Amino acid sequence: LYSSNEDGTTDPPDQPTTTGTGKVVFVTSTKHDGNLGGLAGADAICNGLANDAGLSGYFKAWLSDSWTAMNQRSIQSDGPYTTVTGVVVADNWEDLTDGDLQAPINVDETGTSVVSAASWAVWTNTNPDGSVSTTTKWNCYDWTVSKVAGGSNAPYGLLNLTTANWTHQDGAMGMYCATSNRLYCIEQ
C-alpha cells in the first residue's frame, strides 16, 4: 500500500484504496486558525500529535480544499473506525460517510474526551459523503490564511454530533479563518 522513499520513510498512495483493517480516528487536542499550511500542513499536525501520543500508523486530517476532496485523498477502510479508546464511530468507510455516526469523534489523540462547548468546532470543508463543501475562497484560501481583508470563513463541523453536522454545520456561514478550531484525524 505504501511506497518507500530513499530515506526509508513511506508515503501513502495518492489515490484512495480500500483496506479491511480497522482504523483509528481522533480529534486534535490542539486548536489552529485557518492557516494550516494547506492539506499537507494539516496532515502533519495530525501525524505529529499521533506520534507524540504513541499512536502507530499514518493519519490524514479530515479536510478538503478547493480541488481535493477527503474521499479522493483517503484510504477507505472496510473495517471499523474507532476512537483511541476503542469506541466504534463507524463500521466502515461507507458507514463513516453516510451522514450518521454511531458515536461522536470527541476523543483526542491521548484518549481525553473533549467536553467543553467552546471547543466543539472542527475545520473540515467536507460534506458528510467526503466531498468538498466549497470550492471558493471560503475555505481559508485552501487552508493557507488566517485573516484576509474583508474576512474569510470556512466550513466546519461539530465534534459533539453524530448527525451530518459532525462534518458540515448545515446552514452555517462558516467560521472566520482567524478562529482557532480542532481537526479530525483519520488513520490511513
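Thresholds, definitions, all that
Residues numbered from 1 in each chain as written. Predicted model: local features only at pLDDT ≥ 70, side-chain atom pairs only at ≥ 80, totals over all residues. Heavy atoms only, no water. Helix = DSSP H or I, 4+ residues; strand = E, 2+ residues; numbered from the N terminus. Buried < 20%, exposed > 50% of the residue type's maximum accessible area, 1.4 Å probe, protein only. Contact = heavy atoms within 4.5 Å. Areas by Shrake-Rupley, 256 points an atom, 1.4 Å probe, with all protein chains shown as cover. Phe/Tyr/Trp six-rings, centres within 6.5 Å; stacked < 30°, edge-to-face > 60°. Disulfide = S-S within 2.5 Å. Salt bridge = Lys/Arg side-chain N within 4 Å of Asp/Glu carboxyl O. Polar contact = N/O pair within 3.5 Å; in protein donor to acceptor, adjacent residues only side chain to side chain. pLDDT = per-residue confidence, 0-100. Core = buried A, V, L, I, M, F, W, Y, C linked by side-chain atoms within 4.5 Å.

This part covers the overall build of the chain. A tally of helices and strands in the chain yields four helices and 13 strands. Within the chain, buried positions represent 48% of all 188 residues. Long-range pairs, those at least 24 residues apart, make up 66% of the contacts in the chain with a sequence separation of at least 6. Accessible surface, the chain: about 8,200 Å² in total, of which carbon and sulfur atoms supply 49%.

Glancing now at the packing of aromatic side chains. Geometrically, a pair of aromatic rings is defined through the distance of the ring centres and the angle of the planes. Counted under the stated rule, the structure contains six aromatic pairs. Consider the rings of tryptophan 62 and tryptophan 166, whose centres lie 5.1 Å apart with planes at 35 degrees: the pair is tilted. Taken together, the residues tryptophan 62 in the loop between β5 (59-61) and α2 (70-73) and tryptophan 166 in the loop between β11 (156-158) and β12 (175-176) connect sequence positions 104 residues apart. Overall, the relative accessible area of 0% leaves tryptophan 166 in the buried class. Among the aromatic residues, ring-to-ring pairing joins Trp62, Tyr81, Trp93, Trp166 and Tyr184 into one connected group.

This part takes up the state of the cysteines. As enumerated under the stated definition, the model contains two disulfides in all. Between the sulfur of cysteine 46 and that of cysteine 185 lies a disulfide, 2.0 Å long from S to S. Judged by the torsion about the S-S bond (-75 degrees), the cysteine 46/cysteine 185 disulfide is left-handed. Of this pair, cysteine 46 sits in helix α1 (residues 38-52) while cysteine 185 sits in strand β13 (residues 184-187), and the two are 139 residues apart along the sequence. Cysteine 185 carries the same exposure label as cysteine 46, and that label is buried. The connectivity of the disulfide-linked cysteines in the chain, indexed sequentially, is 1-4, 2-3.

Considering all chains together, one arrives at one salt bridge under this definition. Here aspartate 43 makes a salt bridge to arginine 73, at a shortest N to O gap of 2.9 Å. One end of the pair, aspartate 43, is in helix α1; the other, arginine 73, is in helix α2, with 30 residues separating them in the sequence.

The next thing to look at is the side chain of glutamine 76. Residue position: glutamine 76 is located in strand β6 (residues 76-77). The exposure class assigned to glutamine 76 is buried, which follows from its relative accessible area of 19%. Polar side-chain contacts of glutamine 76 include one of 2.8 Å to the backbone oxygen of asparagine 71.

With that out of the way, let us pick up the confidence of the model for the chain. Averaged over all residues, the pLDDT of the chain is 88; the fraction at 70 or higher stands at 85%. Under a pLDDT of 50 for its full length, residues 1-5 has, in the predicted model, 16 contacts with residues more than four places off or in other chains. Across residues 7-15, where pLDDT falls below 50, the model places 18 contacts with residues more than four positions away in sequence or in other chains.

Take the nonpolar core next. Side chains of nonpolar character tend, in soluble globular proteins, to be buried together. If you look at the biggest cluster of nonpolar residues, it comprises 18 residues, and the most contacted ones within it are Leu36, Leu63, Trp123, Trp143 and Leu183. No other element matches the six residues that α1 contributes to this core. Among the nonpolar cores identified, the runner-up in size contains 17 residues, and Val25, Val89, Ile105 and Trp166 belong to it.

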